[in-house]
Amino acid sequence: MIGITRELENTNLMRYMSSVIIPSIGDTLIMVLVSAIFSIFFGIFLGIILVMTDKNGLSPHPIIHGVLAKITDIIRSFPMMILIVAIAPITRFFIGTKIGVQAAIFAIVIGSTPFATRMTENSLNTVDSQLIKMARSIGASKLQIIFKVMLVEALPTLVSNFTIMMINMLNTSAMAGAVGAGGLGAVALTYGYQRFDYLIMYFIVIILIFLVMLIQGMGNKLYKLTK
């Protein structure tokens with residue numbers, strides 16, 4: 001009880017609430033949402049290419065499939081924190097800086113797109129092959145089979161997979177705060193852990209838990225709508 005009282009007396013939680021913590025929530029949401037939009041877009045595009053160029057795909061092409069699969073797996077093998085640091089020169093070249101929200105979005109998109117690509121590939125591969133054969137037998141084009149058959153059938157699985165990916169991206173955005181990305185992770189580290197203001201740190205943890213539950217809840221509802 002005495003320890004809790006001391007924490008309440010020594011904390012700067014309310015002091016930094018409006019000037020630091022609330023803006024950091026906005027930065028984190030921007031990082032996650034914008035990164036998710038780009039990662040899902042590129043992931044679906046590249047995933048479709050992997051499925052189409054597979055040996056059993058609609059347009060088999062072993063060279064394209066092999067090169068794209070290798071690049072995807074190589075990037076996936078990097079831990080996200082190491083990847084963010086490793087591509088810092090590339091981030092600076094394209095964004096103009098290696099710190100801040102925009103730089104974090106660029107790095108998170110680079111790191112998350114391979115996961116979105118494999119998730120798309122796996123989801124499309126769950127579609128019943130008989131549906132694809134039937135679509136081809138009635139004269140459907142390759143693009144029609146992809147967009148009107150495979151993506152439609154795989155949509156619930158895609159929603160479920162991308163929900164998990166967005167939660168991981170939230171965790172990544174928090175970790176990226178340690179290397180200058182800003183957002184909730186930077187606040188927890190700088191204003192909480194490094195200044196021994198653990199009430200701020202725990203408050204940030206509670207916010208992150210709430211955001212995880214929010215993303216998962218929205219994902220569950222969207223999954224039910226698409227199923």
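Further up the page is the structure itself.
Calculation notes
The residue count restarts for each chain, going from 1 along the sequence in the order it is written. In keeping with the model being predicted, local features are shown solely for residues with a pLDDT of at least 70 and side-chain atom pairs are shown and tallied solely at 80 or more, while totals for entire chains, interfaces and linings include all residues. Based on all heavy atoms of the structure, the side-chain values leave hydrogens and waters out of the count. Secondary structure is summarised from DSSP: a helix means a run of H or I of at least four residues, a strand means a run of E of at least two, and numbering begins at the N terminus for each. A helix's residues, less one, multiplied by 1.5 Å, set its expected span. Contacts: residue pairs with any heavy atoms within 4.5 Å of one another. Planes of paired rings set the category: under 30 degrees apart is stacked, over 60 is edge-to-face and the rest tilted, where pairs are Phe, Tyr or Trp rings (Trp by its six-membered ring) whose centres lie within 6.5 Å. Burial classification: accessible surface area is computed with a 1.4 Å probe over protein chains only, and a residue below 20% of its type maximum counts as buried, one above 50% as exposed, and the rest as partly exposed. Of the grid points, spaced at 1 Å and generated over the protein atoms alone, those admitting a 1.4 Å probe that cannot get out make up cavities, while open sets with protein on both sides within 12 Å along at least five of seven lines make up pockets; any residue with an atom within 4 Å of a point is treated as lining. Grid points are joined across faces, edges and corners, and a volume is the space filled by probe spheres set on the points. Throughout this entry, Asp, Glu, Lys and Arg are counted as charged residues, while Ala, Val, Leu, Ile, Met, Phe, Trp, Tyr, Cys and Pro are counted as nonpolar. The remaining residues, Gly among them, count as polar.

(A) Representation of helix α10 (residues 198–226) in the model. Its 29 residues place the ends of α10 42 Å apart at the C-alpha level, agreeing with the 42 Å of an ideal helix rising 1.5 Å per residue. Next to the buried residues of α10 lie α2 (13–53), α8 (142–176) and α9 (183–193).

(B) Representation of the packing of aromatic side chains. On inspection of all chains with the given rule, the structure shows seven aromatic pairs. For the pair Phe93 and Phe94, a centre-to-centre distance of 5.1 Å together with 90° between the ring planes defines the contact as edge-to-face. Exposure remark for Phe93: the relative accessible area of 67% places this residue in the exposed category. Ring centres 5.6 Å apart and planes at 25° place the aromatic pair Phe94 and Phe106 in the stacked group. Within this pair, whereas Phe94 is found in helix α5 (residues 88–95), its partner Phe106 is found in helix α6 (residues 101–125), the two being separated by twelve residues in sequence. Members of the aromatic cluster, each reached through a chain of ring pairs, are Phe38, Phe41 and Phe42.

(C) Just the layout of surface pockets, in detail. Considering only enclosed or pocket space, the largest pocket measures out at about 460 Å³ in volume. Counting only elements with at least two residues in the lining of the largest pocket, the list comes to α2, α8 and α10. If one sorts the elements of the lining of the largest pocket by residue count, α8 sits on top with eight residues. Its residues assigned to classes, the lining of the largest pocket comprises 17 nonpolar, two polar and no charged. Lining the second largest pocket are 15 residues, with Asn56, Gly57, Ser129, Ile132 and Met150 sitting closest to its centre. Breaking the lining of the second largest pocket down by element, the ones donating at least two residues are α2, α6, α7 (129–137) and α8. For the lining of the second largest pocket, the leading source of residues is α7, giving four residues. The residue inventory of the lining of the second largest pocket, partitioned by class, reads eight nonpolar, four polar and three charged.

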